[in-house]
Amino acid sequence: MKNINSVLPPEILERIFSLVFPRVLRTVVLVCRRWREVGEAACLWSMTRLTVMDSNLALMPEVLGTRRLRSMRRLTLKAVSPQLLETVAAHPGLRGLILANTSVCRLEPGLLCRLVSRLQEVVLRGACLTSTQANALCCTLTGTSHLKSLDLSVNNLSLIDPLLLVGALTRLVEVKLVRTNLTKEQATALCSALPHASRLRGLDLSHNNLSSVCSTLLVPAILHLEEARLWGCSLTGHQLESLCRALRQPGVLRILDMTGNKLSQVEPQLLASAVRRLQEVRLVRTSLTMEQASALCSAKDEQTCLRSLDLSNNNLSAVLPEVLVKAVAWLEELRLWGASLTGRQASALCSSLRHTTTLRSLDLSVNDLSSVEPGLLVAAVTRLVEANLMWTSLTH
């Protein structure tokens, strides 16, 4: 019998090796010299995920320079040094860098800017950016840069000139600015520029107070996006009503997160007609009334696009069971975490799942399901792809 090495050409071996997980590939390259030569090909290691910590920080500049890691796409840093970042900046394959909750405040701004500008995706969430670093970063991004996605969440950006900040962010495709202490002037400038920003598609402004931004600026800005996350933005009743009225018309917005904004003043049918034009909506802890919740569950019509709805942390106990189950018939994902569901409502939901339904994922966690008949609950859950029943007081 011929040896496999004498039968298979290198390109076939490489194709076979590409089908195994990296942890298995580490064993494969130890089998023999030929397998090592083929298995060291950089393309086989592109999906490798490395995390730099204090314990391996000194070794990483050398490790990142090895042949097998030249095509690695993403790196997570929980410890940094100037030498490491110089190596990362020169890495030929790297496209994404995660520096979440890793302080970079002592790094020279120029080094940080060179690094960010050559990558496509950077996470600097909670990175303790100084105002000097943040300003330098924005200046860099207004020029030539490969960056598409940037997460600056949990950094104080309030000292950055509004026009400089806007000029940098509107050149990107996706931006996250959660808890960045945006000023009224910064938020207003950003909303004014968004309708003219041809690239930006996803924006997360959660936990920034937007209540002082004029509705005539805020609404067109949101409608320009494909994904908008406005969790806890203290939106006013007028802002919310204006947004809902605008959403009744066709647009590009697909995903909207309004968690933590008080929606109880919005007319139920207006809210429902706005929501059904979107594909994914999160209305967690929004003080929904019984009438609003009922309208949302019954929102399907010939123009409905909605596939995923999150009504968690709203008291839905007053919604009629037969109305609540209507949502099961046309949604693919329904989240009712902590919704104070009654036994009748829970039983009605489970009963409806035994029949033809499009629902694939259901979250009933933090609701008392102890009164639901066991066989009924099992029959319902087993028809789903995903079910969350945490803290539901299930009986033995």
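The structure under discussion appears in the preceding block.
These figures come from a predicted structure and were not determined experimentally.

A. Representation of the overall build of the chain within the structure. Of regular secondary structure, the chain possesses 18 helices and 14 strands. Expressed along its principal axes, the backbone C-alpha trace of the chain runs to roughly 70 × 65 × 35 Å. Across the 396 residues of the chain, 48% fall into the buried class. Nonlocal contacts in the chain, meaning residues at least 24 apart in sequence, comprise 71% of its contacts between residues at least 6 apart. A total of about 18,900 Å² of accessible surface is found on the chain, and carbon and sulfur atoms cover 54% of it. Positive and negative side-chain charges in the chain, numbering 43 and 31 respectively, have mean positions lying 6 Å apart.

B. Local environment of the nonpolar core. Among the nonpolar cores identified, the biggest contains 118 residues, and Leu124 and Leu177 are the most heavily contacted of them. Apart from residues lying up to four places away in sequence, Leu177 is in contact with Leu152, Ser153, Leu157, Leu169, Leu182, Leu190, Leu203, Asp204, Leu205, Ser206 and Asn208. Core analysis: the next-biggest nonpolar cluster, separate from the first, contains seven residues, Leu25, Val28, Trp35 and Val38 among them.

C. Spotlight on the pairing of strand E2 (residues 74-77). Bridging between strand E1 (residues 49-52) and E2 involves four bridges; their strand directions are parallel. When the bridges of E2 are listed, Thr51 appears paired with Thr76. Two strands pair when backbone bridges link them, and E2 and strand E3 (residues 96-98) are joined in this way by three bridges, in the parallel orientation. The partner of Leu75 across the bridge, within E3, is Leu97. Once the chain exits E2 it traverses helix H6 (residues 82-90) before rejoining the sheet at E3, and the crossover so formed is right-handed.

Conventions we followed
- Numbering of residues begins from 1 in every chain and follows the order in which that chain's sequence is written.
- Only residues with pLDDT of at least 70 are given local features in this predicted model, and only at 80 or more are side-chain atom pairs given and counted; all residues enter the totals for whole chains, interfaces and linings.
- Water and hydrogen atoms play no part in the side-chain values, which are based on all heavy atoms of the structure.
- Under the DSSP-based scheme used, a helix requires at least four consecutive residues in state H or I and a strand at least two consecutive residues in state E, with every element numbered from the N terminus.
- Here the term buried applies to any residue with accessible area under 20% of the maximum for its type, exposed to any over 50%, and partly exposed to those in between, with areas from a 1.4 Å probe on protein chains only.
- Here, residues are in contact when the closest pair of their heavy atoms is within 4.5 Å.
- Exposure was quantified through the Shrake-Rupley algorithm and a 1.4 Å probe, taking into account, for residues, occlusion by the shown protein chains and nothing else.
- Charge convention: Lys and Arg are scored as positive, Asp and Glu as negative, and His as well as the terminal groups of each chain are ignored.
- The location of each charge is read from NZ of Lys, CZ of Arg, CG of Asp or CD of Glu.
- Nine residue types can take part in a nonpolar core, namely buried Ala, Val, Leu, Ile, Met, Phe, Trp, Tyr and Cys, and a core is a set of them joined through side-chain atoms within 4.5 Å.
- Pairing between strands is defined by DSSP: at least two bridges between them are needed.
- Viewed with both strands pointing away, a crossover whose connecting path from the first strand over the helix to the second turns clockwise is right-handed.

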